[in-house]
Amino acid sequence: MKKQDATVLLAHRAAQGELEGAKRQAFLQQVAFGIADARARFELTKQIEAGKNQARENFQRLKAEKEQEAARVRQKQEAEAKRQAEREQQRAAKRDRGMER
């Protein structure tokens, strides 16, 4: 093999090695970007789930508050109806006593 041919062969191999190194570097960058993207998606999913859980808890709390308020209103209405019925009974008793005289 001539000296010139050996030099060309070495230059070719060196260039091929640089190309392989560049391909490897590009591949590693793609892997790194893929990992970063997967991590970002994971974090976003965690935040979305946390938001959903918070919304669910807020809804349950609001629902319980509304149920408690409705129960208070019912109790108030029942108490008022009972007082009204007692007043009616007292009036009826007074009328009955007035008729007996």
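Scroll up for the structure.
Fair warning: this is a prediction, and the values are worked out from it, not measured in the lab. (Residues numbered from 1 in each chain as written. Predicted model: local features only at pLDDT ≥ 70, side-chain atom pairs only at ≥ 80, totals over all residues. Heavy atoms only, no water.)

Got a minute to help me understand the overall build of the chain in this structure?
Per the secondary structure count, the chain includes one helix and zero strands. Every one of the 101 residues in the chain was classed for burial, and the buried ones make up 0%. As presented, the chain carries roughly 9600 Å² of accessible surface, and 56% of it is formed by carbon and sulfur atoms. (Helix = DSSP H or I, 4+ residues; strand = E, 2+ residues; numbered from the N terminus. Buried < 20%, exposed > 50% of the residue type's maximum accessible area, 1.4 Å probe, protein only. Areas by Shrake-Rupley, 256 points an atom, 1.4 Å probe, with all protein chains shown as cover.)

What is the right way to read the pattern of salt bridges from this model?
Opposite charge on two side chains makes pairing possible when the charged atoms of those side chains draw close. By the definition in use, this model includes nine salt bridges. Note that R72 and E69 form a salt bridge whose closest N and O atoms lie 2.8 Å from each other. In this pair, R72 and E69 both sit in helix α1 (residues 3-100), three residues apart, roughly one turn of the helix. Exposure remark for E69: the relative accessible area of 38% places this residue in the partly exposed category. Through salt bridges that share partners, R39, E43 and K46 make up one connected network. (Salt bridge = Lys/Arg side-chain N within 4 Å of Asp/Glu carboxyl O.)

Explain a nonpolar patch on the surface here, please?
Taken together, F27, L28, V31 and I35 make up a surface patch of nonpolar side chains, about 390 Å² in accessible area. Residue placement: V31 occurs in helix α1. (Patch = residues over 30% accessible without salt bridge, like charges linked within 9 Å, V, L, I, M, F, W, Y side chains within 5 Å.)

Worth remembering: the numbers are spatial, not functional.
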